[in-house]
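Coordinates in review
One-letter residues, chain by chain:
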Amino acid sequence: MPNRTRTRTPSRPAPTPSAAPAPGRLRGPLPILAAAVLWGTTGTASSLAPAGAPPAVLGAAALVLGGLLLFLSSRDARALPGACTRGERRLLALGTVAVVGYPLTFYPAVTRTGVAVSTVIALGSAPVFTGFLGWIAGRQLPGTRWAVATAAAVLGCAVLVLGPGLTGAGAPVDLLGVLLAALSGLSYAAYSLIGGALIARGHASGGVMGAMFGAAAVLVLPVLVFGGGPWLVSLRGAAVVLHLAVITTFLAYRLFGHGLRRTTAQTATTLTLAEPAVAALLGVAVLGERLPAVSWSGLGILAAGLAFLAFG
């Protein structure tokens, strides 16, 4: 931490998007979009898991292994609690609870109301929750550009994911499932905001993500211990868990934390709406799925909204 008692030359402020040169303005959005691309492989990888693998336990296994990798690979993560103030430690604990809350609410939501509806509600509500929570925390509301881009991205995401159901008999919507999906969006918004706030205070992004996800890994370990089965030690099951842990948790959240150094949490949660687009394209290319024309139009709207937000 810089010594604030000096009266000589002041320490340099942390770089901000507005102060960076033009090429540097993409250093925030691009890592966030790269993380969203990695998250988009989750559905395809999960579909290759052995039959009988509970989705909640699969998510817990990925969080346990990926969270421990984030924690053990960062010296800053191990030193962060001691370097934080009392208020920052409370924020860190709250962020850990939010990280745990996401899989514990999202996977039951998927079971009750389906992947499509749960994905749209969770990811679509996260930018709204982020903007609202940031406003409550005393920060300014996001600008018009963010609002327009987010509205377009959420609309495109909804049309893309719900398109197949709109052209045929859709799955019934369960009210409790909708509530759980919204809570998962709130959890995602909360730990994104908290992570961004701690990084903005000068803490290393790898340390912040490693501390939150490492502690969350310990908290969800009982779910893995009591819910695991023989599928977990099979070659196929282990390969899927390794992909989810290393690619969609460890690498993705390293990129996400790096992007939060130069991007607000409000913008970051909107940019991660690219995740269902990647998942849909992988479903077409890898799993042989087919998208109706309405879904392709939703993909175009989503892409336009994200491009407008990231590149202006």
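An account of the accompanying structure is given in this report.

Calculation rules
Residues numbered from 1 in each chain as written. Predicted model: local features only at pLDDT ≥ 70, side-chain atom pairs only at ≥ 80, totals over all residues. Heavy atoms only, no water. Helix = DSSP H or I, 4+ residues; strand = E, 2+ residues; numbered from the N terminus. Buried < 20%, exposed > 50% of the residue type's maximum accessible area, 1.4 Å probe, protein only. Areas by Shrake-Rupley, 256 points an atom, 1.4 Å probe, with all protein chains shown as cover. Patch = residues over 30% accessible without salt bridge, like charges linked within 9 Å, V, L, I, M, F, W, Y side chains within 5 Å. Salt bridge = Lys/Arg side-chain N within 4 Å of Asp/Glu carboxyl O. Core = buried A, V, L, I, M, F, W, Y, C linked by side-chain atoms within 4.5 Å. Contact = heavy atoms within 4.5 Å. Expected span 1.5 Å × (residues − 1). Arc of directions from axis to C-beta. Phe/Tyr/Trp six-rings, centres within 6.5 Å; stacked < 30°, edge-to-face > 60°. Lys NZ or Arg CZ within 6 Å of the ring centre and 35° of its normal. Polar contact = N/O pair within 3.5 Å; in protein donor to acceptor, adjacent residues only side chain to side chain. Axes fitted to C-alpha atoms, helices over the stretch in contact; angles between N-to-C directions. Parallel < 35°, antiparallel > 145°, perpendicular 65-115°, else oblique. Left-handed = near helix turned anticlockwise from the far one by under 90°. Nonpolar A, V, L, I, M, F, W, Y, C, P; charged D, E, K, R; others polar.

As a further point, take the overall build of the chain. Scanning the chain for helices and strands turns up 13 helices and zero strands. For the chain, the succession of helices and strands along the chain, N to C, is α-α-α-α-α-α-α-α-α-α-α-α-α. Here the chain, with 312 residues, has 47% of them falling under the buried criterion. Here the chain has roughly 15200 Å² of accessible surface; of this, 68% comes from carbon and sulfur atoms.

Together, Leu65, Leu69 and Leu242 make up a nonpolar patch on the protein surface, roughly 220 Å² of accessible area in all. Structurally, Leu242 is set in helix α10 (residues 235-260).

Our next topic: the nonpolar core. Membership of the largest hydrophobic core comes to 70 residues, with the highest contact counts inside it found for Leu160, Tyr191, Met212, Phe213, Tyr253 and Phe256. The residues contacting Tyr253, other than those within four sequence positions of it, are Trp39, Leu70, Tyr191, Met209, Phe213 and Thr248.

Another point: helix α13 (residues 293-311). For an α-helix, 3.6 residues make a turn, and residues three or four places apart therefore share a direction. With 19 residues, α13 should cover 27 Å at 1.5 Å per step; its first-to-last C-alpha distance of 27 Å lies within 8% of that length. Where α13 is concerned, the buried positions are Ser295, Gly298, Leu299, Leu302, Gly305, Leu306, Leu309 and Ala310. Projected down its long axis, α13 carries its buried residues within an arc of 130°, all on one side.

Tallying each qualifying case throughout the model produces one salt bridge. As a salt-bridge pair, Arg201 and Glu88 come within 3.7 Å of each other at their nearest N and O atoms. Here Arg201 is found in the loop between α8 (175-200) and α9 (205-227), whereas its partner Glu88 is found in helix α5 (residues 86-113), with 113 residues between them in sequence. Residue classification places Arg201 among the partly exposed residues on the basis of a relative accessible area of 43%.

For the structure shown, the criterion picks out eleven aromatic pairs. With centroids separated by 6.3 Å and ring planes inclined at 35°, the aromatic side chains of Tyr188 and Phe256 adopt a geometry described as tilted. Of this pair, Tyr188 sits in helix α8 while Phe256 sits in helix α10, placing them 68 residues apart in sequence. For Tyr188, a relative accessible area of 4% corresponds to the buried category. With a centroid separation of 6.1 Å and an interplanar angle of 80°, the aromatic rings of Tyr253 and Phe256 are classed as edge-to-face. Separated by three residues within a single helix, Tyr253 and Phe256 lie in helix α10, roughly one turn from each other. Looking at Phe256, the relative accessible area reads 0%, which means it is buried. Put simply, the rings of Trp39, Tyr102, Phe106, Tyr188, Tyr191, Phe213, Tyr253 and Phe256 touch in pairs and so form one group of aromatic residues. The ring of Phe308 is capped by Arg145, whose NZ or CZ atom sits 5.8 Å from the centre of that ring.

Our next topic: helix α3 (residues 55-72). Here α3 spans 26 Å end to end across 18 residues, near enough to the 26 Å set by a 1.5 Å rise per residue. Elements in contact with the buried residues of α3: α2 (42-47), α5, α9 and α10.

Let's shift gears to the side chain of Thr270. For Thr270, the location among the structural elements is in helix α11 (residues 265-271). In contact with Thr270, other than residues within four places in its own chain, are Pro127, Trp146, Thr150, Ala153, Leu306 and Leu309.

On to the environment of Val218, then. Mapping Val218 onto the fold places it in helix α9. Given the relative accessible area of 54%, Val218 is considered exposed. Sequence separation of Val218 and Leu65 is 153 residues, and the distance between their C-alpha atoms is 9.9 Å.

This part takes up the side chain of Thr269. With respect to the helices, strands and loops of the structure, Thr269 is situated in helix α11. Engagement of the side chain of Thr269 in a polar contact is seen with the side chain of Thr130, the distance being 3.4 Å. The residues touching Thr269, leaving out its near neighbours within four places in the chain, are Ala126, Pro127, Thr130, Tyr188 and Ser192.

What follows covers the environment of Pro31. Here Pro31 shows up in helix α1 (residues 29-39). Overall, the relative accessible area of 10% leaves Pro31 in the buried class. Along the primary structure Pro31 and His258 are separated by 227 residues, whereas in three dimensions their C-alpha atoms are 6.8 Å apart.

Taken N-terminus to C-terminus, the directions of α5 and α8 make an angle of 155°; their axes are 7 Å apart at the nearest point. Between α5 and α8, the crossing angle belongs to the class labelled roughly antiparallel. As for the relative orientation of α5 and α8, their crossing is left-handed in sense. Taken together, the residues that form the contact of α5 with α8 break down as 19 nonpolar, seven polar and two charged.

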